[in-house]
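Architecture and fold: a report
Listed here are the chains, written in short residue letters.
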Amino acid sequence: MKRIGVLTSGGDAPGMNAAIRAVVRTAVYKDMQVYGIRRGFKGLIKGEIDQMDVKSVGEILHRGGTILNTARSELFKTEEGLKKAINVLNVFGIEGLVVIGGDGSFRGALDLCERGFPVVAIPGTIDNDIACTEQTIGFDTAVNTVLEAINKIRDTVTSHERTNIIEVMGRHAGDIAIYTAIAGGAEGILIPEMPLDIDKLCKRIIEGRNRGKSSSIIILAEGAGKAVELEKIIEEKTGMETRATVLGYIQRGGSPTAADIILASRMGYHAVELLENDIGNRVVAIRRNQIVDYDIKEALDMPKEFNQDLYNLALVLSI
Ligand code: F6P
């Protein structure tokens, strides 16, 4: 391939810019033309496309968000929308596409592949909920952002001898919750992969208090419940003053960590190498620190493995 496109889609994630930069610079290095598509699949349908060069990705490595903007498109999910998108790609002479995004974006990429248009997908989402890869771009930064917040909340929670439930992102995967519970020394953890057992949690809080713990931090993944609803229940059941903190979109922003920038750079480079060799319909992933790729349909069908060992570790260390 000599002319490729790149877009970001779905929820933004820190490191997406580093991935765009890697795609653009690798393509230029390999004498390929590269076109940036704005606003994801929505912009693709409308033809919001500009050629990119080495300079258009300068000074973005340290920036969160995505310089190409992102959007969700209902029209793209229809046959009419897909047809329009492929027409636009053909009009611009784009032969292959790099899609950077999460699960929903991968389904859009698969729709294009099934209609004969080659796409390579790169996992960019803070949730770390893509089964085929051990890490997604943005996850490490989000974990560090949450950790900073936990450490600040720890100061006030110990001063007031309270319990604080901190709600973090993760609709289907508790990865942000598990990693931050371990790193932040949380006393409890609630995730969508495990049944919600409030009595068990309250028993742990009470046992901790009886052993001399004067405060507790509980990490709750959004897919497991609402912090504001649990606040009163926990206060009533434990008799400890309880507060809720919903971290929300702060988790999606900020400068990417070095780990995310490096992961994004490696994945972006690999995606272009695949397209250069006329290989499409792939998802780029990292396994055992090696950049690998999978068939996109197989990748989407893989069940996300629950990291039981890390969850157990979080529980053991939180006593
Ligand atoms: O997919 C990432 C994520 O951050 C989820 O954890 C969260 O529920 C969702 O995006 C929110 O997305 P938005 O409000 O932008 O649609």
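Everything quoted here is computed from the prediction, not taken from an experiment.

**A look at helix 5 (residues 139–160)**
Note that an α-helix has 3.6 residues per turn; residues three or four places apart therefore point the same way. End to end, helix 5 covers 31 Å across 22 residues, agreeing with the expected 32 Å (1.5 Å per residue, within 8%). Taken together, the buried positions of helix 5 are occupied by F139, T141, A142, V143, V146, L147, A149, I150, I153, R154 and V157. In the core, the buried residues of helix 5 are packed alongside strand 6 (163–168), helix 6 (175–183), strand 8 (216–221), strand 9 (242–246) and helix 9 (258–276). Phi for E161, located one or two positions after helix 5, is positive at around 55°.

**Here's the deal with the packing of aromatic side chains**
A ring pair, where both rings are aromatic, is described by two values, the distance of the centres and the angle of the planes. Throughout the structure, instances matching the rule amount to four aromatic pairs. Between F41 and F76 the ring centres are 4.0 Å apart and the planes differ by 5°, which places this aromatic pair in the stacked class. Here the residue F41 occupies a position in helix 2 (residues 40–46), and F76 occupies one in the loop between strand 3 (49–52) and helix 3 (79–91), the gap between them amounting to 35 residues. Note on accessibility: F41 and F76 belong to one class, buried.

**Observations concerning the sheet that holds strand 4 (residues 96–101)**
Here seven strands make up an open sheet; going across it, the order is 3-2-1-4-5-10-11 and the pairing mixed. For this open sheet the edge positions go to strand 3 and strand 11 (290–295), each flanked by a neighbour on one side alone. Sheet twist, expressed as the average angle between the axes of neighbouring strands with direction ignored, equals 30°. On the sheet, helix 4 (residues 103–114) packs against strand 4, strand 5 (119–123) and strand 10 (282–287) and is oriented at approximately 170° with respect to strand 5.

**Re the domain arrangement of the chain**
Assigned domains within the chain: domain 1 (3–138 + 256–301) and domain 2 (140–252). In this structure, domain 1 and domain 2 have C-alpha centres spaced 34 Å apart. Counting from both sides, the interface comprises 14 residues of domain 1 and, opposite them, 12 residues of domain 2. For the pair domain 1 and domain 2, the summed buried area comes to about 1100 Å², and 47% of that belongs to carbon and sulfur atoms. The largest contributions to the domain 1 side of the interface with domain 2 come from I126, D127 and T257, which together make up 42% of the buried area. Across the domain 1-domain 2 interface, the total number found is one salt bridge. With a shortest N-O distance of 2.8 Å, D12 and R252 are connected by a salt bridge.

**Some points on the sheet that holds strand 6**
The four strands are arranged 7-8-6-9 in an open sheet whose pairing can be described as parallel. Whereas interior strands pair on both sides, the edge strands pair on one side only; in this sheet they are strand 7 (188–190) and strand 9. Across the sheet, the mean angle from the axis of one strand to that of its neighbour is 20°, orientation sign disregarded. Where strand 7 and strand 8 come together, three bridges link them in parallel fashion. Note on strand 8: the bridge partner recorded for L190 is L220. Strands strand 6, strand 7 and strand 8 of the sheet are contacted by helix 6, whose axis makes an angle of about 160° with strand 8.

**Concerning the site of the ligand**
Surveying the vicinity of the ligand reveals the residues R72, T125, I126, D127, M169, G170, R171, E222, Y249 and R252. Here D127 contributes a side-chain N or O atom positioned 2.9 Å from an oxygen atom of the ligand. One of the side-chain nitrogen or oxygen atoms of R252 is found 2.9 Å away from an oxygen atom of the ligand. For the ligand, the protein covers 77% of the area, taking 400 Å² as the surface of the free molecule. Here the shell around the ligand is composed, by residue class, of three nonpolar, two polar and five charged. Both domain 1 (3–138 + 256–301) and domain 2 (140–252) contribute no fewer than three residues apiece to the shell around the ligand.

**A word on the environment of G5**
Take G5: it is sitting in strand 1 (residues 3–8). The exposure class of G5 is buried, given its relative accessible area of 0%. In this structure, G5 is in contact with Y35, I37, I94, G96, L97 and V98, ignoring residues within four places of it in sequence.

Quick notes on the rules
- Residue numbers restart at each chain and count upward from 1, following the sequence in its written direction.
- Under the rules for a predicted model, residues below a pLDDT of 70 receive no local features and side-chain atom pairs below 80 are neither given nor counted, while totals for whole chains, interfaces and linings still include all residues.
- Side-chain measures were taken over the full set of non-hydrogen atoms in the model, leaving aside hydrogen atoms and water.
- Secondary structure elements follow DSSP: runs of H or I no shorter than four residues count as helices, runs of E no shorter than two count as strands, and numbering proceeds from the N terminus.
- Expected span, for any helix, means 1.5 Å times one less than how many residues it has.
- Working definition: with a 1.4 Å probe on protein chains only, accessible area under 20% of the residue-type maximum means buried, over 50% means exposed, and in between means partly exposed.
- The contact rule is simple, with two residues in contact once any of their heavy atoms fall within 4.5 Å.
- Aromatic rings from Phe, Tyr and Trp, taking only the six-membered ring of Trp, are treated as a pair when their centres fall within 6.5 Å; an angle between ring planes under 30 degrees marks them as stacked, one over 60 as edge-to-face, and anything in between as tilted.
- Paired strands are those between which DSSP finds at least two bridges.
- The axes are straight lines fitted to the C-alpha atoms, using for helices just the contacting stretch, and the angles between their N-to-C directions are given from 0 to 180°.
- Each domain's limits were defined by an automated method or a database of domain assignments.
- Buried area is calculated as the accessible area (1.4 Å probe) missing from two parts once they are joined, with the contributions of both summed.
- For salt bridges, the criterion is a side-chain nitrogen of Lys or Arg within 4 Å of an Asp or Glu carboxyl oxygen.
- It suffices for a single heavy atom of a residue to lie within 4 Å of a molecule or strand for the residue to be listed as near it.
- Polar contacts, as used here, are pairs of N or O atoms within 3.5 Å; protein pairs need one atom able to donate a hydrogen and one able to accept it. Residues neighboring in sequence count only if both atoms are side-chain atoms.
- Here, Shrake-Rupley sampling with a 1.4 Å probe gives the accessible areas, and only protein chains in the shown set may cover a residue.
- The nonpolar class holds Ala, Val, Leu, Ile, Met, Phe, Trp, Tyr, Cys and Pro. Asp, Glu, Lys and Arg form the charged class, and all remaining residues, Gly among them, are polar.

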